[in-house]
Amino acid sequence: MNELAGKHIVLGLTGGIACYKAAELCRALIKEGATVQVVMTAAAQQFITPVTLQALSGRTVYDSQWDARPVNGVGNNMPHINLSREADAILIAPCSADFMAKLLHGRADDLLSLLCLARPLDKVALLIAPAMNREMWAHPATQRNVARLRADGATVFEVGSGDQACGETGDGRMLEPQELLEEVIAFFQPKTLTGQQVLVTAGPTYEAIDPVRGITNLSSGKMGFAIARAAREAGAAVTLVAGPVSLATPRGVRRIDVRSARDMLQAVQEHAPAATVFIATAAVADWRPASAAEQKIKKDGSGKTPELSFVENPDILATLAQSPRGRSRALYCVGFAAESHDLLAHTQAKRQRKEVPLLVGNIGPATFGQDDNALLLVDELGATELARASKLSLARQLIANIANRIGARG
Ligand code: CTP
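Residues numbered from 1 in each chain as written. Predicted model: local features only at pLDDT ≥ 70, side-chain atom pairs only at ≥ 80, totals over all residues. Heavy atoms only, no water.

Chemist: Teacher, can you tell me more about the side chain of Asp67 here?
Modeler: For Asp67, the position within the fold is in the loop between α2 (50-57) and α3 (79-85). Its relative accessible area of 10% is what places Asp67 among the buried residues. One polar contact links Asp67 to Arg69, side chain to side chain, over a distance of 2.3 Å. (Helix = DSSP H or I, 4+ residues; strand = E, 2+ residues; numbered from the N terminus. Buried < 20%, exposed > 50% of the residue type's maximum accessible area, 1.4 Å probe, protein only. Polar contact = N/O pair within 3.5 Å; in protein donor to acceptor, adjacent residues only side chain to side chain.)

Chemist: Please clarify how the sheet that holds strand β1 (residues 8-13) should be interpreted in this entry.
Modeler: Backbone-to-backbone hydrogen bonds join strands into a sheet, with any given pair of strands oriented parallel or antiparallel. Judged by pairing direction, the sheet is parallel, and its five strands sit side by side in the order β2-β1-β3-β4-β5 without closing on themselves. If you trace the sheet from one side to the other, it starts and ends with β2 (35-40) and β5 (155-156), each paired once. Docked against the sheet, helix α5 (residues 111-118) engages β1, β2, β3 (89-95) and β4 (125-130), running at close to 140° with respect to β3. (Pairing = 2+ DSSP bridges. Contact = heavy atoms within 4.5 Å. Axes fitted to C-alpha atoms, helices over the stretch in contact; angles between N-to-C directions.)

Chemist: What exactly am I supposed to notice about the site of the ligand here?
Modeler: Taken together, 14 residues are adjacent to the ligand, and Ala280, Ala282, Asp286, Lys350 and Lys354 come closest. A distance of 2.8 Å separates a nitrogen atom of the ligand from a polar atom in the backbone of Pro314. Between a nitrogen atom of the ligand and a main-chain N or O atom of Ile316, the distance comes to 3.0 Å. In the complex, the protein chains occlude 81% of the 570 Å² of accessible area that the ligand would expose alone. In this structure, the ligand is accommodated by the largest pocket. For the shell around the ligand, the secondary structure elements donating two or more residues are α11 (316-321), β16 (332-339) and α13 (343-354). A per-element tally of the shell around the ligand places β16 first, with four residues. (Near = heavy atom within 4 Å. Areas by Shrake-Rupley, 256 points an atom, 1.4 Å probe, with all protein chains shown as cover. 1 Å grid on protein atoms, 1.4 Å probe; cavity = no way out; pocket = protein on both sides within 12 Å on 5 of 7 lines; lining within 4 Å. Sits in = over half its atoms within 2 Å of the grid points.)

Chemist: Can you help me understand the domain arrangement of the protein in this one?
Modeler: You'll often see interface size given as the accessible area lost when the parts meet. When cut into domains, the protein gives domain 1 (8-187) and domain 2 (197-286 + 309-409). Once you take the C-alpha centre of each, domain 1 and domain 2 turn out to be 38 Å apart. Contacts between the two partners involve seven residues from domain 1 and, on the opposite side, six residues from domain 2. Counting the surface lost from both domain 1 and domain 2, the interface buries some 600 Å², and carbon and sulfur atoms represent 42% of this. When the buried surface of domain 1 facing domain 2 is broken down by residue, Glu182, Glu183 and Ala186 rank first, second and third, together holding 71% of it. Taken together, the links from domain 1 to domain 2 amount to three salt bridges. In this structure, the salt-bridge partner of Arg251 is Glu179, at a minimum N-O distance of 3.6 Å. In terms of residue class, the side of domain 1 that touches domain 2 is built from three nonpolar, no polar and four charged. (Domains from an automatic or database assignment. Buried area = accessible area lost by both parts, 1.4 Å probe. Salt bridge = Lys/Arg side-chain N within 4 Å of Asp/Glu carboxyl O. Nonpolar A, V, L, I, M, F, W, Y, C, P; charged D, E, K, R; others polar.)

Chemist: Teacher, can you tell me more about the nonpolar core here?
Modeler: In this structure, Leu193, Val198, Ile227, Ile279 and Ile402 are the most contacted members of the largest nonpolar core, which totals 37 residues. Ignoring anything within four residues of it in the chain, the contact list for Ile227 reads Val200, Ile279, Thr281, Phe336, Ala395, Leu398 and Ile399. Leu25, Ala44, Val61 and Ala129 belong to the second-largest nonpolar core, a separate cluster that totals 34 residues. (Core = buried A, V, L, I, M, F, W, Y, C linked by side-chain atoms within 4.5 Å.)

Next comes the structure, spelled out in structure tokens:
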């Protein structure tokens with residue numbers, strides 16, 4: 001995908017062992033279509049050479065405010081002005097504790113800090129990926145600096161946790177290149193759901209027959225996970241209630257793993273009171289075995305098959321849509337309909353039966369496990385089609401559509 005096509009990013013490296021990850025990050029940004037201009041401090045060059053970054057970015061690395069080389073044909077001897085004017089964002093990764101302190105005070109005694117101070121605040125975002133020892137990270141001075149940098153408008157990413165180069169273990173590692181890439185992509189998405197709390201269900205459910213067997217379905221969870229990611233990118237606080245799937249949790253999303261439909265309902269009911277939007281993408285099993293055997297059901301050699309009887313599972317979406325908050329739309333409910341045929345008619349009927357303002361139809365067998373999909377948005381006025389695209393692209397379109405609707409809710 002070309003998630004960063006057309007974006008120009010100044011990638012600033014300061015002194016820290018995480019500089020080795022910046023090389024991979026540089027590649028990842030370029031792979032997503034960004035152009036990358038690397039600027040390094042003298043300390044960063046103790047850890048990795050400009051040659052490496054020059055080769056990866058395909059551009060000369062800058063490291064001095066006295067550099068007289070022309071930038072894009074402009075030869076005014078002012079790299080701090082020229083480099084900052086063409087950028088969409090300055091991403092400092094790794095950003096040392098010392099460099100954060102420097103930024104906070106508006107100091108500008110090297111090219112990178114000078115560039116940050118000289119950037120047009122309203123046009124060029126400042127994104128900071130801290131990297132340091134756990135004691136340095138936990139120090140009140142660092143935490144104070146992080147809070148004040150955020151208050152000054154910078155985006156300071158979280159840190160990772162784990163083994164550190166110094167041999168200690170704890171918070172302060174720089175996020176991994178792929179995690180940072182996801183954060184940078186999210187940063188550029190429109191913030192249409194700021195202040196909203198979005199609850200999403202995803203994946204199949206698993207209904208036990210005995211301790212080793214059960215009933216499930218082919219839902220991969222990909223659409224629901226993409227929706228959770230898109231909602232978070234749009235600025236919402238997102239809780240994702242997931243059936244058994246082996247997908248990575250989107251960054252910044254709170255995930256609750258469940259197994260059966262009843263577990264899913266319980267988790268949803270626990271989080272629904274705080275939610276303002278509920279999106280049910282899970283392929284919930286309609287029925288479960290009336291009772292699960294406590295021990296594995298064994299063959300007795302006679303060829304006799306076990307008798308299974310079923311009871312209906314609760315309808316999670318209908319329960320929420322028909323609750324007082326669902327009916328008043330304080331909780332805006334969106335459902336999905338997985339159909340095999342007659343998509344429009346079935347989706348319309350299902351929308352009315354479950355009493356949801358918006359039901360999204362898709363052809364189940366054509367989407368399960370796939371990376372792309374096509375959607376039909378059905379509301380009381382009619383149907384709108386979202387043409388076949390990647391699940392993430394559709395998820396973003398759907399989130400923008402929902403944001404419009406709840407904007408209209410007032
Ligand atoms: N759903 C739910 N709880 C259930 C069944 C479905 O929350 N027990 C939700 C799904 O997450 C989806 C919507 O209801 O958002 C429709 O699911 P679908 O499986 O298409 O419909 P069913 O209600 O199961 O109807 P049918 O099997 O008759 O098509």
